[in-house]
Structures are given as C-alpha cells and as structure tokens.
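Each chain is listed here by its residues.
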There are 2 protein chains.
Amino acid sequence: MLGAVLHAPGDVRVEERADPAIIEPTDAVIRLSATCVCGSDLWPYRGVEKPDGPAPMGHEYVGVVEEVGADVRTIRPGQFVIGSFWASDGTCELCRAGYQSSCVHRVLMGTIGTQSQLARIPLADGTLVATPEPPPADLVPSLLAASDVLGTGWFGAVAADVGPGKTVAVVGDGAVGLCGVLAARQLGAERIIAMSRHAPRQELARAFGATDVVTERGADGVAKIKEMTGGLGAHSVIEAVGTQESMAQAIRSTRPGGHVGFVGVAHGVELPGEELFFSQVHLHGGPAPVRRFLPELVDLIWRREIDPGRVFDLTLPLAEAAEGYRAMDERRAIKVLLTP
Amino acid sequence: MLGAVLHAPGDVRVEERADPAIIEPTDAVIRLSATCVCGSDLWPYRGVEKPDGPAPMGHEYVGVVEEVGADVRTIRPGQFVIGSFWASDGTCELCRAGYQSSCVHRVLMGTIGTQSQLARIPLADGTLVATPEPPPADLVPSLLAASDVLGTGWFGAVAADVGPGKTVAVVGDGAVGLCGVLAARQLGAERIIAMSRHAPRQELARAFGATDVVTERGADGVAKIKEMTGGLGAHSVIEAVGTQESMAQAIRSTRPGGHVGFVGVAHGVELPGEELFFSQVHLHGGPAPVRRFLPELVDLIWRREIDPGRVFDLTLPLAEAAEGYRAMDERRAIKVLLTP
C-alpha cells in the first residue's frame, strides 16, 4: 500500500509500505476512505520534534473495516468506522472515567501512521465507532474531522467548562480552534470570541458560531478580551496553539474562577506558578479523549446539525501529501484532506 | 494598641501601633479575641518575600465588633465575627461567583495586620460572618482556624473535586494540609492519604480523618501513591506547600482526569507545560475564597461537628509573637494562637 513517511524535517514522501495485518486478536484492519494532515504533524515536519529515522505519518482516519481479529466482538467487516488518535480498550478504569487518551493499554495511532491506504487499528472494539450505515460522500469530511480536530476542539470546550450564559474566547484559529468555536456554540455559550487575524478563518469562525472576532494578540488581545467582559476576562478560554505566548494569552484572558481548556500540544511552555496561583483559573487539557465524545459527534454529523468538515479547505490525493504539508505549513490551507 | 511588626527577616516585634479607626463608611473596627501566625507569614519572616520597611503582620482574626461605619447594614457592634484574609464586598460578579478572594474591591488584610489588639475590617458587610451569639471560649480556636487555614484547606479539597468514593492525597502537613484532610473527610472521601513524616502531625491527620499516612516524599512519595491506587494515582490531590517539589509531587500523584487543588502560596514554581499537558490533570487553586465557605464552616464548628482548632498546638500572649514565629519556623509548633 501507499503511505506517507517523514524522512527529515520538510521531507514527506508517499511511498510503498507493507500492508498491515492483524497482529493482536483485538485488532482490525481498515481501508481508509479519507485521512488528513494535522496541525500537530507540523511539529515534526518543522523539526521542532525530532523523529528517530523515517516515521510513518498521520493519526486521523475514517474507513471501511476489512478484517478483524478473533477477539473483536462489536466491530464487523464492511462497517464504516471512525476512531481517534489514541486506540483505547474502553474498559479500563481511566476509559470508563472518560479519559480514553490515557487508557492503560493505549496505542498512539501516530506510531502506526494513517496517512495511508490501509491501517491496523488496535483495540478495535474500544477504539472504533461505526456509523449506522455507509455515509453519503458529503458527510465523510465531517466524520473525518470528528477523528481529531472536532473531538479535540470539543474537549477544549468541555475542559473550559463552556455552557449557557458564558463568554468564551478561543485562542488559535487552526482547525482545532475553529472546531472549539463550533463546540462552544453547540454547548450553548452566549458569546464566542474568536481570536484570529486571517480573513478566511474569521469567516469560518463566524459560520461556526463566533459572535465576535478579535484580531489583537498577546497583551493587546488580553486587554481587548478584558474590555469586552467588564474588565473581568472570559468565563471560558479554549487554548488551541500550544506555545508559551498562547498559554499566557489564554490564562490572562480568563477571569478568576474561570476555566482554561488547553488542547494545543504544549511545546516549550513553562507556566509561572505564582501567576497561575493568583490567576485563580481552572486549568485542564491535554491529549483529548476524543473517544468519549465520538458517539455524540457522529450523531450530530449524521443528523447534519454540525458541519465540521468545512475545516478542510484543500483536498489532495494521498500521493500529493507533501504538497498538503507545505500548504498547511505556509498557512495556505487550514486543513488538508487526503484521498487514499 | 499593641501589634506585631516585621522589621526585617527574623525580626518580629510587638509594639505600640495607632488604634484603628473607621476610614470608609463600609468599615468596622473589631477587638480581637484571638489571632494567629500563618505558614504564609513565614515567607517574609524567612526573607523569601522582601517587605519594604516595617510591615504590620497577620491576616487571621476573630473578635467582637466595636464600631461600624455609616454604610454598614448587617454587622452590629457587640457581634462576635469571623472574616477571611481578603476583605470582599460580597456583591460584585466575582464574589457572587464564589471568588471573593478576587473581589473587584478586595483589600488584603495582611496589609492591615491583625496580629494586634484591634483591627479595621474593610467592607464589613461582605467580609464578616457573625456567630449566633458570643461563642464559648473553647470554640474560639476553631472559629479562628476558619478564618484561613480551615477555609484554605477546604478550598483545596473543593478545588481537588473531593467527594464520595474518591482517594485523596494531601501534600503538606502544615495546618492547611491537616485542614485539607479534615475537609476531605467531611466531603465524603473514601480514602485519605496524608503525606507526613512528623509523628505529631501524622497523629492529628489521623484524628482529622486520614486513613493512611505516607512518609515518602518526592519521587518515592509519588511511587507510593501510585502503588496504593492500582498504578493510576489519586483521584484528588491537595497541594498545601507551594514549592516546585510539592507541586511536582502533587501533579505526579494524580491520575489522568484527576484533580489537583493547590493552595500553598506558590514561590519560585515553574510548571513544565508538556508534563502538565500529558498528565491530563485538572489544576485549580490560588488564594482561597474562604468567605464562600465561612457560613457552612462556622455552622459545623458551632454544632461541634468539626474541631479544626486542634491545629493550634501552642498558645502565647500577643506580646510573645516573636517566640510564636520562631516555634513555627523551627517546626516546633504546627500553628500558634496569639491572645491579644
């Protein structure tokens, strides 16, 4: 099969890889209907994370089950399925508490690589959610978005305790931040402030439910949020970048007693304890337990209540993955869908 | 009147200070029945915080109202009252949300200094809680504890989302940590692990409801908590110290999806963002909004359901405050009550 492999920073190649097979009796193998490039794939692409040798890429996936292992009970060949970037057993204490991304048997899908034609999915029963029937083609991008960016933005909103009557600010206008806007709208937020200075992203943020757009960032962005909230700060802030600056902006934009949901993968961040102490914010985040939300998200998409697939503004054949990485790296595309 | 003043690190003197008077029409003046030395008073006493010149000390207080300003409506002369270390108006949006320690009109009582015979209490209606009648003498220490250490430990437990069925670990065996144990017990925790290596504090922790005592600290302490919780970590961890080591110990002792309530005043703490991200813990803390809990705490004390006054293991006349500071600095006393 074909699959994308990162050989060095900036060097993604689509090349022949061995077809996956069932290894554990709890595995499934799926044929991908669509996959995509994640903002977090840009960390190794840009050399911020250093891979040890050639690394298969990708951790987002939807597709049709080809084969299942002997112990798989609920997933069957022929089903159209969605899973998240952590495979999880669904039965351990942490899964049952809703933290499937910390499952005691978790497997990081990024180590398997799903920017490919086929993929092995460990712990299939725990990991995969099947649609009621094969989806119409126009729903596939939204279902693919649920695999990571929607689920991650949704977790950001839940971690930020978004709810009715609240003012929510979203730091980061990538696909996750935009999905955070969508989640905030669905979760009933009263006011949703997207922080973005890119016109196409502002437009999508408004389409997803943003009531306001703030173009300032850093201290100016914080001042603007304070000005819009009677000097207090937002009730809920979703952080979807992962840098020192974005974390500081998120924490400082939140009122005392408010909540920061941080889902941008932290890189080089050091949080000053004194500031955090006196800020009195709640802080929660990390690798999103997307699986917790998948049944609900798939249902919302199936009923066409949400359309997160709009984050894909560039579709390319898998063979052109390298161009997809370039387009996202240069911020020419919000998110790139790859057709295997 | 007499009051304690810190002249330099290690140099606390009880000296004549001007009698307080009503300055704002929302003020009250109280005659203190008891006051005390706080663990946080040791930061400037040890020179970790540098005061600018002589500083009046103390922020914990119970006493009898002597006089109120023209705009005070609910507090009357003759009442026995308790307040917290932040004076708060009780009416602003943050007070109404339960974050009185971030009240938009807050006044830090430590700048006024309550290790004294009399004290001015700003925003009396918002700040003070009156007992049903003058308390019997044996309840005074517990009511004084409610002014800070009990309220702070209680907030730590609430911030750590303590509740029925949960395993709670408490980092720090000072008065706040011990009151955190008491709070965890009251809030229904199933298992309460006090981390302490001091026999008298272990004993008080057990009296307050600790089911287990762990003497290991740092990485060994974390390993012990993991071992006691099926490898996962505690559901809730109360951090009541405020150092880099104690914060790391608290975060690492908490399971993914669990909660850290941190109430030790952070000093020189830097939290690594990556570790916090992947830990998936909830983090909340800061200066406790003690006022939120005071009515309930006073009621529990009044009905003799809790006895937090046991944290005071040394009582001295106010005139001997310097010895009180020394005893706490040298860990000869858990907490020192001063009689004015």
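Note that the coordinates shown come from a computational prediction; the quantities given were computed from them, not determined experimentally.

Q: Just to check I follow, could you spell out the interface of chain B and chain A for this structure?
A: Size of an interface: often given as the accessible area lost when the parts come together. Each side of the interface is counted separately: chain B has 36 residues, and chain A has 36 residues. In total, about 3,100 Å² of surface goes out of reach between chain B and chain A, with carbon and sulfur atoms giving 62% of it. Where chain B packs against chain A, one counts two salt bridges. Between Arg 255 of chain A and Glu 93 of chain B there is a salt bridge whose closest N-O contact spans 2.8 Å. The interface formed by chain B and chain A contains 18 residue pairs in polar contact (both at pLDDT 80 or more). Counting residues per element, the ones that place at least two in the side of chain B that touches chain A are α2 (93-96), β15 (254-262), β16 (270-272), α10 (273-279) and β17 (282-285) of chain B. Broken down by element, the residue count for the side of chain B that touches chain A peaks at five residues, all from α10 of chain B. Tallied by class, the residues present in the side of chain B that touches chain A amount to 19 nonpolar, 13 polar and four charged.

Q: What should I look at first to understand unusual backbone geometry in this one?
A: Residues apart from glycine generally show negative phi values, whereas peptide bonds are mostly found in trans. Of note, the phi angle at Leu 123 of chain A is positive, near 50°, even though the residue is not glycine. When you line up the elements, Leu 123 of chain A lands in the loop between β9 (118-121) and α3 (124-127). Of note, Arg 304 of chain B is a non-glycine position whose phi angle comes to about 60°, a positive value. Examined against the element boundaries, Arg 304 of chain B turns out to sit in the loop between α11 (290-302) and β18 (312-317).

Q: Whenever I open this one, the relation of the copies chain B and chain A confuses me. Can you help?
A: Both copies of the chain are tied together by a single rotation about an axis and a shift running along it. Between chain B and chain A, which share one sequence, the superposing operator has a rotation angle of 180° and an axial displacement of 0.0 Å; the RMSD is 0.0 Å. Both copies of the chain, as the preceding transformation shows, are related through a two-fold rotation axis. A share of 100% of interface residues in chain B that are also interface residues in chain A marks the association as one of identical surfaces.

Q: Just checking my understanding: could you explain the UniProt feature "domain: Enoyl reductase (ER)" (unreviewed entry) in chain A for this structure?
A: The UniProt record annotates "domain: Enoyl reductase (ER)" (unreviewed entry) at residues 7-338 of chain A. In residues 7-338 of chain A, helix accounts for 30% and strand for 25%; the two terminal C-alpha atoms are 19 Å from one another.

Q: Even after reading the chapter, I still don't get the sheet that holds β15 of chain B, so can you show me in this structure?
A: Picture the strands of a sheet paired through backbone hydrogen bonds; they go either parallel or antiparallel. Here 12 strands make up an open sheet; going across it, the order is β13(A)-β12(A)-β11(A)-β14(A)-β15(A)-β17(A)-β17(B)-β15(B)-β14(B)-β11(B)-β12(B)-β13(B) and the pairing mixed. Single-partner strands in this sheet number two, and they are β13 (212-214) of chain A together with β13 (212-214) of chain B. In this sheet, adjacent strand axes meet at a mean angle of 20° when their direction is disregarded. Along the sheet face, helix α9 (residues 244-252) of chain A touches β11 (167-171), β12 (191-195), β14 (234-239), β15 (254-262) and β17 (282-285) of chain A and points at about 145° away from the line of β15 of chain A. Across the sheet, helix α5 (residues 149-159) of chain B lies against β14 (234-239), β15 and β17 of chain B, angled at about 160° from β15 of chain B, the strand it touches most.

Q: Could you clarify how one ought to interpret the pattern of salt bridges in this entry?
A: Any two side chains of opposite charge can pair, given that their charged atoms come close. All names here are of chain A. Following the criterion strictly, the structure yields 36 salt bridges over all chains and no others. A salt bridge links Asp 11 to Arg 13; the shortest N-O distance between them is 2.8 Å. Between Arg 303 and Asp 299 there is a salt bridge whose closest N-O contact spans 2.9 Å. On the basis of relative accessibility, which here comes to 35%, the residue Asp 299 falls in the partly exposed class. Bridged by salt links that share partners, the residues Glu 323, Arg 326, Glu 330 and Arg 332 form one connected network.

Q: Even after reading the chapter, I still don't get the sheet that holds strand β4 (residues 55-56) of chain B, so can you show me in this structure?
A: Residues and elements named next belong to chain B. Spatially, the three strands line up as an open sheet ordered β2-β1-β4, and their pairing is antiparallel. A single partner strand is all that each edge strand has here, and the edge strands are β2 (11-16) and β4. Two strands pair when backbone bridges link them, and strand β1 (residues 2-8) and β2 are joined in this way by six bridges, in the antiparallel orientation. Paired with Ala 8 across the bridge in β2 is Asp 11.

Q: What exactly am I supposed to notice about the packing of aromatic side chains here?
A: Aromatic rings in a pair are described by how distant their centres are and how their planes are angled relative to each other. Applying the stated rule across the entire model yields eight aromatic pairs over all chains. Geometrically, the ring pair formed by Phe 277 of chain B and Phe 278 of chain B is edge-to-face, given 5.0 Å between the ring centres and 80° between the ring planes. For Phe 277 of chain B, a relative accessible area of 2% gives the class buried. Phe 278 of chain B gets classed as partly exposed once you look at its relative accessible area, which sits at 44%. Three or more aromatic residues joined by ring pairs make a cluster, and in this case those are Phe 262 of chain A together with Phe 277 and Phe 278 of chain B. Here Arg 106 of chain A stacks its cationic end above the ring of Trp 86 of chain A, 4.1 Å away from the centre of that ring.

Q: Explain the packing of α5 of chain B against helix α6 (residues 175-186) of chain B to me, please; I cannot follow it from the model alone.
A: Two quantities define a packed helix pair, namely the angle between the helix axes and the distance between the axes. All names here are of chain B. Axis separation between α5 and α6 bottoms out at 7 Å; the angle between their running directions is 55°. By the criterion of interaxial angle, the relationship of α5 to α6 is oblique. For the element pair α5 and α6, the recorded crossing hand is right-handed. Only Ala 175, Val 176, Cys 179, Gly 180, Leu 182, Ala 183, Ala 184 and Gln 186 of α6 make contact with α5, whose side of the interface consists of Val 149, Leu 150, Thr 152, Gly 153, Trp 154 and Ala 157. Here the residues of the contact of α5 with α6 are counted per class, giving 10 nonpolar, four polar and no charged.

Q: What's the story with helix α5 (residues 149-159) of chain A in this structure? I'm lost.
A: Along an α-helix, a turn takes 3.6 residues, which lines up residues three or four apart on a common side. All names here are of chain A. The buried fraction of α5 is high, at 10 of 11 residues. Buried within α5 we find Val 149, Leu 150, Gly 151, Thr 152, Gly 153, Trp 154, Phe 155, Gly 156, Ala 157 and Ala 159. After α5 finishes, the residue Asp 161 shows a positive phi value of roughly 55°.

Q: Sorry, what's going on with the domain arrangement of chain A here?
A: Residue and element names in this part refer to chain A. Domain parsing of chain A yields domain 1 (2-148 + 289-339) and domain 2 (153-285). Centre-to-centre separation of domain 1 and domain 2, based on C-alpha positions: 26 Å. The partner domain 2 presents 20 residues to the 21 residues of domain 1 that form the contact. For the pair domain 1 and domain 2, the two sides together bury roughly 1,700 Å², of which 70% comes from carbon and sulfur. Counting the surface domain 1 buries against domain 2, the share from its top three residues, Trp 43, Arg 331 and Ile 334, is 33%. On the surface where domain 1 and domain 2 come into contact, there are one salt bridge.

Calculation notes
Residues numbered from 1 in each chain as written. Chains lettered and ligands numbered in written order. Predicted model: local features only at pLDDT ≥ 70, side-chain atom pairs only at ≥ 80, totals over all residues. Heavy atoms only, no water. Contact = heavy atoms within 4.5 Å. Buried area = accessible area lost by both parts, 1.4 Å probe. Salt bridge = Lys/Arg side-chain N within 4 Å of Asp/Glu carboxyl O. Polar contact = N/O pair within 3.5 Å; in protein donor to acceptor, adjacent residues only side chain to side chain. Helix = DSSP H or I, 4+ residues; strand = E, 2+ residues; numbered from the N terminus. Nonpolar A, V, L, I, M, F, W, Y, C, P; charged D, E, K, R; others polar. Least-squares fit on C-alpha atoms with pLDDT ≥ 70 in both. UniProt positions renumbered as here; feature names shortened; annotations may be inferred. Pairing = 2+ DSSP bridges. Axes fitted to C-alpha atoms, helices over the stretch in contact; angles between N-to-C directions. Buried < 20%, exposed > 50% of the residue type's maximum accessible area, 1.4 Å probe, protein only. Phe/Tyr/Trp six-rings, centres within 6.5 Å; stacked < 30°, edge-to-face > 60°. Lys NZ or Arg CZ within 6 Å of the ring centre and 35° of its normal. Parallel < 35°, antiparallel > 145°, perpendicular 65-115°, else oblique. Left-handed = near helix turned anticlockwise from the far one by under 90°. Domains from an automatic or database assignment.

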